[in-house]
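Survey of secondary and tertiary structure
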Amino acid sequence: MISSSILKCSVPNLPVSKVGGLQKIKMELSLTRPDDWHLHLRDGDLLEAVAPLSARHFGRAVVMPNLRPPITTTAAAIAYRESIMKALPEDSNFTPLMTLYLTDRTSPDEIKLARESGVVYAVKLYPAGATTNSQDGVTDLFGKCFPVLQEMVQQNMPLLVHGEVTDPDIDIFDREKVYIDTVLGPLIQKLPQLKVVMEHITTADAVRFVESCNKGTVAATVTPQHLLLNRNSLFQGGLQPHNYCLPVLKREVHRQAIVAAVTSGSRRYFLGTDSAPHERQRKECPCGCAGIFNAPVALSLYAKVFDEAGALDKFEAFTSFNGPDFYGLPRSTSTIKLSRTPWKVPDHFSFASGHIIPMFAGETLEWLPSD
C-alpha cells in the first residue's frame, strides 16, 4: 500500500535534502508488487535479454503468444513457459501467465486443455494483420471461432482483444472505434458472460465502451505510452520510430480521456505495459516494426501519471489489485518501493544480436523503483 506518511505529507517528519539551496521532500511509495497484464517477451536471445528486466519489478505477467510460429496449443504454451523460466535469474519469483493465440482453427477441446493445464490463463484475439506476427489471426470470429468463445464462457477463460479492424479503407486512427462498433459491441451482446479484456486502449471511445459494460465482465489494460504520449510524439523533431506502436498513438483529447479514466479509481482498468522489444535496426529502417520497449521504465512512468494527476492514493489499485481481482487470482503478498529519486534511463540495452532502445531513452525520470 502507499505509506500514509506520504499521503498526509507531514513535512516535519519527512527527511529532506538540499537541492539548489531549496529543501526537497524525499517521498517513498510502498506498493503491493505489481503484475503486468500484457507483456511481450519474444524468444531466443531477445527473451534472455528482456525477461529479467520485467522480473525485476513485476511479480507476474500475462505473456503474449504472437511468436513465429504462434503459441496456438497448450503444449506449445507449456514449452514456451519453460523457455521463459530458463531465461530468469535463479533467485527470481516471477511467474509467467501463458496465453493461447486464437485462430480460425482453434477447437473447444483446446480451451478445455488450456484450463486444465494450470499455466494458461487467457486466449488472445488478434484480427489477422493487425500487428506484429498477427498474420495467423482471426478472420471469422462469429463463425468458426464462436464455439471456442462459448467454451471459454464455460471455462471462465478471458478473451484478450487487440481491438482494431484491419480494413485498409478504414483510417488507422479510427480503427479502434470501428472495431468497438462492428465487432466488440456485437460480441458482448451475443456472449454477455464472456470475460473480455480490451487491450492497450487508446481512445475516449474505448473508455466509454468499457464504462458501459457490466462490471466484472469487461475491463481494459492501459500502457505507459498511451497515458503519456500523443500522436505528435511520432513526428516531433523528425520521425520517431521508437514511439511507433500499434494501436498507434492518438490525439491529445484521447490521451486525456484515458488518464482521467485510469486515475479515477475505477476497478475496470489495470496495468498492461505492452512492452514490445525489437532490435534497434528493426525499428530504424524503411519499414520499421511496431512496438515500444518500456519494461525497465514502465513503473516509473505510471507513477509519473498518477503523481501529476494528484492520484497517488489510487496508484496501487491500478498496478496491483484490479488485474488479479478481474482474473480471479490472489493479490501479491510481496511489496516494492518507489522513491522520488531522479534517475537516467539507459540509452540502450545490449544483447547478443544488437541493441534495444527503451522508451524515454537517455531521459531523467523522477520515480525510481527498488529491485
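First, a word on scope: everything that follows refers to the structure included in this document.

Definitions and limits used
- Residues numbered from 1 in each chain as written.
- Predicted model: local features only at pLDDT ≥ 70, side-chain atom pairs only at ≥ 80, totals over all residues.
- Heavy atoms only, no water.
- Axes fitted to C-alpha atoms, helices over the stretch in contact; angles between N-to-C directions.
- Helix = DSSP H or I, 4+ residues; strand = E, 2+ residues; numbered from the N terminus.
- Parallel < 35°, antiparallel > 145°, perpendicular 65-115°, else oblique.
- Left-handed = near helix turned anticlockwise from the far one by under 90°.
- Contact = heavy atoms within 4.5 Å.
- Nonpolar A, V, L, I, M, F, W, Y, C, P; charged D, E, K, R; others polar.
- Buried < 20%, exposed > 50% of the residue type's maximum accessible area, 1.4 Å probe, protein only.
- Phe/Tyr/Trp six-rings, centres within 6.5 Å; stacked < 30°, edge-to-face > 60°.
- Lys NZ or Arg CZ within 6 Å of the ring centre and 35° of its normal.
- Pairing = 2+ DSSP bridges.
- Right-handed = clockwise from strand over helix to strand, strands pointing away.

The next point concerns the packing of helix 2 (residues 44-57) against helix 3 (residues 74-87). Following both chains from N to C, one finds helix 2 and helix 3 inclined at 70°, their axes separated by 8 Å at the closest point. One element, helix 2, and the other, helix 3, form an angle in the roughly perpendicular class. Crossing hand, helix 2 versus helix 3: right-handed. Contacts from L47, E48, A51 and P52 in helix 2 reach Y80, S83, I84 and A87 in helix 3. Partitioning the contact of helix 2 with helix 3 into residue classes produces six nonpolar, one polar and one charged.

All right, on to helix 7 (residues 204-212) then. Residues of helix 7 that are buried: A204, D205, A206, V207, F209 and V210. Tucked into the core, helix 7 has its buried residues touching helix 6 (175-190), strand 9 (196-198), strand 10 (218-222), helix 9 (252-262) and strand 11 (269-271).

Here the focus is the packing of aromatic side chains. Under the counting rule described, the total for this entry stands at ten aromatic pairs. Note on Y302 and F318: the rings are 5.3 Å apart at their centroids and 65° apart in plane angle, and the pair reads as edge-to-face. Here the residue Y302 occupies a position in helix 11 (residues 298-308), and F318 occupies one in helix 12 (residues 315-327), the gap between them amounting to 16 residues. Overall, F318 belongs to the buried group, its relative accessible area being 2%. Ring pairs connect the aromatic residues W37, F270, F326 and Y327, which therefore count as one cluster. Here the basic side chain of R331 rests over the ring of F321, its NZ or CZ set 4.0 Å away from the ring centre.

Across a regular strand the side chains alternate sides, sitting on one face of the sheet and then on the other. Counting buried residues along strand 7 (residues 120-125), five of its six residues qualify, which places the element largely inside the surrounding structure. Pairing analysis gives four bridges linking strand 6 (residues 95-101) to strand 7, with the strands arranged parallel. Bridge pairing in strand 7 places M98 opposite V120. The parallel pair strand 6 and strand 7, bridged by helix 4 (residues 108-117), forms a crossover whose chirality is right-handed. Two strands pair when backbone bridges link them, and strand 7 and strand 8 (residues 159-161) are joined in this way by three bridges, in the parallel orientation. Residue pairing in the sheet places V123 in a bridge with L159 of strand 8.

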